[in-house]
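Chains, contacts and geometry: an overview
Spelled out, the chains give:
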Amino acid sequence: MRIAVAGLHTECSTYNPVIAREADFRVLRGPAMLRDQYFDFLTHFPAEFITVLHARAIAGGAVERALYEKWKAEILEGIRAALPLDGIYLAMHGAIFVDGMFDAEGDFIAAVRDLVGPDVVIAASYDLHGNVSQKIVDGLDIFSTYRTAPHIDVPDTMRRVVTMLVRALRTGVRPKLAWAPVPVLLPGERTSTQDEPAKSFYTQLHEIEEPTGIWDASFQVGYVWADEPRATACAVITGTDKATMEAAATKLAQDYWDVREKFVFGMETGSIEDCVDRAIASTTYPVVLAESGDNPTGGGVGDRAEVLAALIAKNARGVIFAGIADRAATEAAYAAGVGATLPLHIGASLDPSSTPVDVSAEVVFLLETENPLYREAVVRIGGIDLVLTARRRPFHNILDFTKLGLDPHGAKIIAVKSGYLSPELGPIANPGIMALSPGVVDQFVERTTRNHTPRPSFPFDRDFTFVPQVKWSALAK
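Throughout what follows, the structure given in this document is the object of discussion. (Residues numbered from 1 in each chain as written. Predicted model: local features only at pLDDT ≥ 70, side-chain atom pairs only at ≥ 80, totals over all residues. Heavy atoms only, no water.)

1. Points about unusual backbone geometry
A cis amide bond links Ala322 with the next residue in sequence, Gly323, at an omega value of -10°. Tracing the chain through its elements places Gly323 in strand β12 (residues 319-325). Along the chain, Asn430 connects to Pro431 via a cis peptide bond; the corresponding omega equals 5°. Along the chain, the position of Pro431 falls in the loop between β17 (413-416) and β18 (432-435). Even without being a glycine, Asp103 presents a positive backbone phi close to 55°. On the secondary structure map, Asp103 appears in the loop between β4 (87-91) and α3 (104-116). The buried category is assigned to Asp103, whose relative accessible area is 13%. Positive phi is not limited to glycine here, since Asn315 has a value of about 55°. (Helix = DSSP H or I, 4+ residues; strand = E, 2+ residues; numbered from the N terminus. Buried < 20%, exposed > 50% of the residue type's maximum accessible area, 1.4 Å probe, protein only.)

2. Re the packing of helix α2 (residues 65-82) against α3
At a minimum axis separation of 10 Å, α2 and α3 run at an interaxial angle of 25°. The angle between α2 and α3 falls in the class roughly parallel. For the crossing formed where α2 meets α3, the hand is right-handed. Contact with α2, carried on its side by Tyr68, Lys72, Ile75, Leu76, Ile79 and Arg80, involves Ala104, Asp107, Phe108, Ala111, Val112, Leu115 and Val116 of α3 and no other residues of that element. Its residues assigned to classes, the contact of α2 with α3 shows ten nonpolar, no polar and three charged. (Axes fitted to C-alpha atoms, helices over the stretch in contact; angles between N-to-C directions. Parallel < 35°, antiparallel > 145°, perpendicular 65-115°, else oblique. Left-handed = near helix turned anticlockwise from the far one by under 90°. Contact = heavy atoms within 4.5 Å. Nonpolar A, V, L, I, M, F, W, Y, C, P; charged D, E, K, R; others polar.)

The analysis is restricted to geometry; functional conclusions fall outside its scope.
In structure tokens:
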């Protein structure tokens, strides 16, 4: 069996003014995909995989339209050259926003379907923070999404989708899709599967699946910082028995609606000032202070300096702040060299709507790298070791710190631009607190502008009723 593999994988806040361009993506082409740890699992399946192109970037602003069109054309040409095919696997995120276009995944998947026709089986893996539309569902036969947030089951989800695809091709049994939108749109920080009620809700997905009628039960929390017509939660069922699938989709949709008011933040929260005061006063450490409104993995810009300013104002000591994206400040640190003290203008370099800070800083570490885009500098401002980066990026792993000569275990306060804490930072947080800070991924989603989001929708609207309605893919009708 011959299976083509491709995908475009990123998450875009429609409130983020920074356009995502080619340099922001990690791009794999052809056989290099099978050698990469992201896709090397494909070699374990009894199929011939024709790898085309996969582009992946951390969350951010809208993707440049010309770039999207270029990659879409390259993928379609690669698939066309690989024909005849039995199947296609699309490794996606589900929350791409292309400049000037709604429902980019719908456009992309529909183009793939139009190219190969109705007989080729198409499967897709998604992030649970992706948004689904009828156009997306119409182009697919198989669908599955992550079941954890933080996302620790990405490889499992990808394998699950390819397993279903190979199963369909080997047996000749072709599944279909059903989905049920739910008018609820909440941030990931209130729907983490580490906390209730999401923890129990996602556990039931395994109970719903059954070998005779349902191949996969998925649920999309959706991506709340995309003001798009498809922005909503939904259940998506892959299976062969329509009655069983309809019952499962209805149950998941109703269950999620019923617990909508119970979703709360899974960690202690407060304003920037409150969280900085609590962190400084804490008798246990390291306190991990998450700056949620500027979280780059949620679509934040990553260049705001309000938390830094508050830490400086309070004369905080023993702080590691990782980090602020500011290419000019990073380049200035490299030009000055380790040991130099220099004035720095930090913050608001990408999104001028925030407030920068002007400080005197000592350069204490410069990461050795041949690519200027990957430069990272550690500068000391009083009791704060601040990481400056030439590009937007998160700091989620212990290695992100230690490679810069920083010891997160020995810090009193670790400030990171994040929402819920990563699997490596969460266990060392003592405690973890989240600042409900300003930014383009504002946790107070009710105050974000909504011109295109379906209404009514919770939590933007509250006084309305909901009855689940199951919809079918075009291939299932």
